[in-house]
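Each chain, written out:
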Amino acid sequence: MPVGTAAPAARPSRATRLGPVALVVAGGLSVQFGSAVAVLLMPRAGALGVVTLRLVLAAAVLLLVCRPKVRGYSRADWGTVVAFGTAMSGMNILFYLALDRIPLGAAVTLEVLGPLALSVIASRRLSNLLWAGLALAGVVLLSGGGFDRLDPAGAGFALAAGVMWATYIVFSARTGRRFPQADGLALAMAFGAVISLPFGIVEAGDRLLVPSTIGLGLAVALMSSVLPYTLELLALRRLPAPTFAILMSLEPAIAATAGFLVLHQALGVTDALAIALVIAASMGAVRTQVKRAAGTTA
């Protein structure tokens, strides 16, 4: 190489570029299995009691592991944490209220419309709009046209949870940029736990203190909050929010697949086609993101 010639920038490996996607998928799998445990827990503690156990125990685990510092942050940093914790708590409360009234698959399908709407609003590329539209078609098809038969309150809670999910994505990304490692997540989780605590106490009372209930609650906290939220926080540091939002459309497909594998729930032809559309949209969004990353580093 001639003297004075700069070496070309090394292009990121395929594994490096796809790493954030793997984090998102792993988080989705963890959430769905955690939801199965939560269903077992609801008769013991109620929907709001489950939310309280999930957030309080998740906050305890994250605070012990991360031991975040509380000094040296700006007012804007704390504002981001408060907004993130509020969105997290609201998303969980509304989703579990929906689960108490409508089936899991329908609740997830309605909730995922929030991230899909975010991807359409935030994206400035036609390709992302097309992938979002394809994912939306799959989500609607996966509903089986049965939304008109759902409990109106349950459907409303699920849609509201979707709005909070979109807000969660935005502030999760901001928190990841402002705080090291998972410190911001731990602080936000603690704030969300404080918000949920009165609701859980009113609904479940001393049932929250039963050892077996706490054990199941800890499993839900680890599988549905600690692991997936940490993975998503890491993914959002390297993945554009619109692409991440489209990847969230995998959630109904993961739920349906888990139902088939774990609960032996049969998948119809329409369900299989819907899952294929959602996966195709997610793969297309990922390929677009990978090509864009390769182009910017070429």
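Treat the numbers as computed from the prediction; the structure is a model and nothing was measured.

Draft legend 1. Geometry of the overall build of the protein. When its secondary structure is counted, the protein shows eleven helices and zero strands. Mapped from its N terminus to its C terminus, the protein presents α and β elements in the order α-α-α-α-α-α-α-α-α-α-α. Out of the 298 residues in the protein, the part that is buried amounts to 50%. Contacts spanning at least 24 positions in sequence make up 88% of the contacts within the protein whose residues lie at least 6 apart. Accessible area for the protein stands at about 13800 Å²; split by element, carbon and sulfur atoms hold 69% of it.

Draft legend 2. Quick peek at the environment of Ile 102. Take Ile 102: it is sitting in the loop between α2 (75–99) and α3 (104–111). Spatially, the C-alpha atoms of Ile 102 and Phe 157 are 9.8 Å apart, while their sequence positions differ by 55 residues.

Draft legend 3. Representation of the environment of Ala 153 in the model. Secondary-structure assignment places Ala 153 in helix α6 (residues 152–178). Along the sequence, Ala 153 and Leu 97 sit 56 residues apart, while their C-alpha atoms lie 8.9 Å from each other.

Draft legend 4. The arrangement of the packing of α2 against helix α7 (residues 183–204) in detail. Relative to each other, α2 and α7 sit at 50°, their axes nearing to 7 Å. Overall, the two elements α2 and α7 adopt an arrangement that is oblique. Our pair here, α2 against α7, has a crossing hand that is right-handed. Here Trp 78, Val 81, Val 82, Phe 84, Gly 85, Thr 86, Met 88, Ser 89 and Ile 93 of α2 lie close against α7, whose contacting residues are Gly 184, Leu 185, Leu 187, Ala 188, Met 189, Phe 191, Gly 192, Ile 195, Ser 196 and Phe 199. Here the contact of α2 with α7 is built from residues that sort into 13 nonpolar, six polar and no charged.

Draft legend 5. Structural detail: α6. For α6, spanning 27 residues, the distance from its first C-alpha to its last is 39 Å, which sits close to the expected 39 Å at 1.5 Å a residue. The backbone nitrogen of Ala 153 has a side-chain oxygen 3.2 Å away, supplied by the residue at the start of α6, namely Asp 151.

Draft legend 6. Just the packing of α3 against α6, in detail. Here α3 crosses α6 at 45°, and the two axes come no closer than 7 Å. Relative to α6, the element α3 is oriented oblique. As for the relative orientation of α3 and α6, their crossing is right-handed in sense. Counting all contacts with α3, which are made through Ala 107, Leu 110 and Glu 111, the residues of α6 involved are Ala 155, Ala 158, Leu 159, Ala 161, Gly 162 and Trp 165. For the contact of α3 with α6, the residue count by class is seven nonpolar, one polar and one charged.

Draft legend 7. Examining the side chain of Asp 183 more closely. For Asp 183, the location among the structural elements is in helix α7. No salt bridge is formed by the buried Asp 183. Its closest oppositely charged neighbour is Lys 69, at 7.2 Å. Residue contacts for Asp 183: discarding those within four places in its chain leaves Cys 66, Pro 68, Lys 69 and Tyr 73.

Draft legend 8. The pattern of salt bridges, seen in detail. Across all of its chains, the model carries one salt bridge by this definition. A salt bridge links Arg 178 to Asp 77; the nearest nitrogen and oxygen atoms lie 2.6 Å apart. With Arg 178 in helix α6 and Asp 77 in helix α2, this pair connects stretches of sequence that are 101 residues apart.

Draft legend 9. Inspection of the nonpolar core at higher detail. Ranked by internal contacts, the top residues of the largest apolar core, which has 77 residues, are Tyr 96, Tyr 168, Ile 169, Leu 185 and Met 189. No other element matches the 18 residues that helix α1 (residues 14–66) contributes to this core. Not counting residues up to four positions away in its chain, the partners in contact with Tyr 168 are Phe 84, Ala 87, Met 91, Tyr 229 and Glu 232.

Conventions we followed
- Residues numbered from 1 in each chain as written.
- Predicted model: local features only at pLDDT ≥ 70, side-chain atom pairs only at ≥ 80, totals over all residues.
- Heavy atoms only, no water.
- Helix = DSSP H or I, 4+ residues; strand = E, 2+ residues; numbered from the N terminus.
- Buried < 20%, exposed > 50% of the residue type's maximum accessible area, 1.4 Å probe, protein only.
- Contact = heavy atoms within 4.5 Å.
- Areas by Shrake-Rupley, 256 points an atom, 1.4 Å probe, with all protein chains shown as cover.
- Axes fitted to C-alpha atoms, helices over the stretch in contact; angles between N-to-C directions.
- Parallel < 35°, antiparallel > 145°, perpendicular 65-115°, else oblique.
- Left-handed = near helix turned anticlockwise from the far one by under 90°.
- Nonpolar A, V, L, I, M, F, W, Y, C, P; charged D, E, K, R; others polar.
- Expected span 1.5 Å × (residues − 1).
- Polar contact = N/O pair within 3.5 Å; in protein donor to acceptor, adjacent residues only side chain to side chain.
- Lys, Arg positive; Asp, Glu negative; His and termini not counted.
- Salt bridge = Lys/Arg side-chain N within 4 Å of Asp/Glu carboxyl O.
- Core = buried A, V, L, I, M, F, W, Y, C linked by side-chain atoms within 4.5 Å.

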